[in-house]
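Now for the letters of each chain:
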Amino acid sequence: MIDLKEAVTVAKRSVAEVFASDDVRDLLLEGVDRNTASGNWEITVSFLRKQSRPKPGGIGTVMSPKILDAVPGEARVFKTVHVDMANGEMIRIVDVASVIAAE
């Protein structure tokens, strides 16, 4: 059985590897949960990821922010990583916004 410290290390490493092409920066631990029903540690982390956003007041704000007047920016993204308590294997990574929207 892995302890919490090991589970956090697995979660951070997994997110850094899976989202490496997104230039992950400022990876932070946000919360932990020991889910005895599933046998998983649920580790929530956040990080900064580059994204395009419309220029304030530009035509793209009204018409199509993804195509017109897009400029690079950053957004803080939150993910919950499920780590098996028994063997320390990463089971899945879930977008926190998706979980909140489903509730």
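For clarity, every value in this text was computed on a predicted model and none was experimentally measured.

1. Examining the nonpolar core
Then step 1. One finds Ala-7, Val-15, Trp-41, Ile-43 and Val-83 to be the most contacted residues of the largest nonpolar core, which totals 15 residues.
Then step 2. Secondary-structure elements contributing two or more residues to this core are α1 (4–18), β2 (40–54) and β3 (70–84).
Then step 3. If you tally residues by element for this core, the top one is α1, at five residues.
Then step 4. With near-sequence residues (within four places) excluded, Val-15 lies in contact with Val-24, Leu-27, Val-45, Phe-47, Val-81 and Ile-93.

2. A short note on unusual backbone geometry
Then step 1. The phi angle at Asp-23 is positive, at roughly 55°, despite the residue not being glycine.
Then step 2. Within the secondary structure layout, Asp-23 lies in the loop between α1 and β1 (25–35).
Then step 3. Not every positive phi belongs to a glycine, and Asp-26 is a case in point at roughly 55°.
Then step 4. Tracing the backbone shows Asp-26 in strand β1.
Then step 5. Taking relative accessible area as the criterion, Asp-26 reaches 41% and is therefore assigned partly exposed.

3. Considering the side chain of Thr-80
Then step 1. Summarising the element assignment, Thr-80 is placed in strand β3.
Then step 2. Here the side chain of Thr-80 touches Thr-44 through a polar contact of 2.9 Å, side chain to side chain.
Then step 3. Setting aside residues up to four positions removed in sequence, Thr-80 forms contacts with Glu-42, Ile-43, Thr-44, Arg-92, Ile-93, Val-94 and Val-96.

4. Quick word on the environment of Trp-41
Then step 1. Mapped onto the fold, Trp-41 is located in strand β2.
Then step 2. The exposure class assigned to Trp-41 is buried, which follows from its relative accessible area of 10%.
Then step 3. With 49 residues separating them in the primary sequence, Trp-41 and Met-90 have C-alpha atoms 9.5 Å apart.
Then step 4. Beyond its immediate chain neighbours, meaning those up to four positions away, Trp-41 contacts Ile-2, Asp-3, Leu-4, Ala-7, Asp-33, Arg-34, Val-81, His-82, Val-83 and Met-85.
Then step 5. Among the polar contacts listed, one links the side chain of Trp-41 to the backbone oxygen of Ile-2, at a separation of 3.3 Å.

5. Brief notes about the packing of aromatic side chains
Then step 1. By the definition in use, this model includes one aromatic pair.
Then step 2. On the basis of an interplanar angle of 40° and a centroid distance of 5.5 Å, the ring pair of Phe-19 and Phe-47 is categorised as tilted. Placement of the pair is Phe-19 in the loop between α1 and β1 and Phe-47 in strand β2, with a sequence separation of 28 residues.

What counts, and where the lines are drawn
Residues numbered from 1 in each chain as written. Predicted model: local features only at pLDDT ≥ 70, side-chain atom pairs only at ≥ 80, totals over all residues. Heavy atoms only, no water. Core = buried A, V, L, I, M, F, W, Y, C linked by side-chain atoms within 4.5 Å. Buried < 20%, exposed > 50% of the residue type's maximum accessible area, 1.4 Å probe, protein only. Helix = DSSP H or I, 4+ residues; strand = E, 2+ residues; numbered from the N terminus. Contact = heavy atoms within 4.5 Å. Polar contact = N/O pair within 3.5 Å; in protein donor to acceptor, adjacent residues only side chain to side chain. Phe/Tyr/Trp six-rings, centres within 6.5 Å; stacked < 30°, edge-to-face > 60°.

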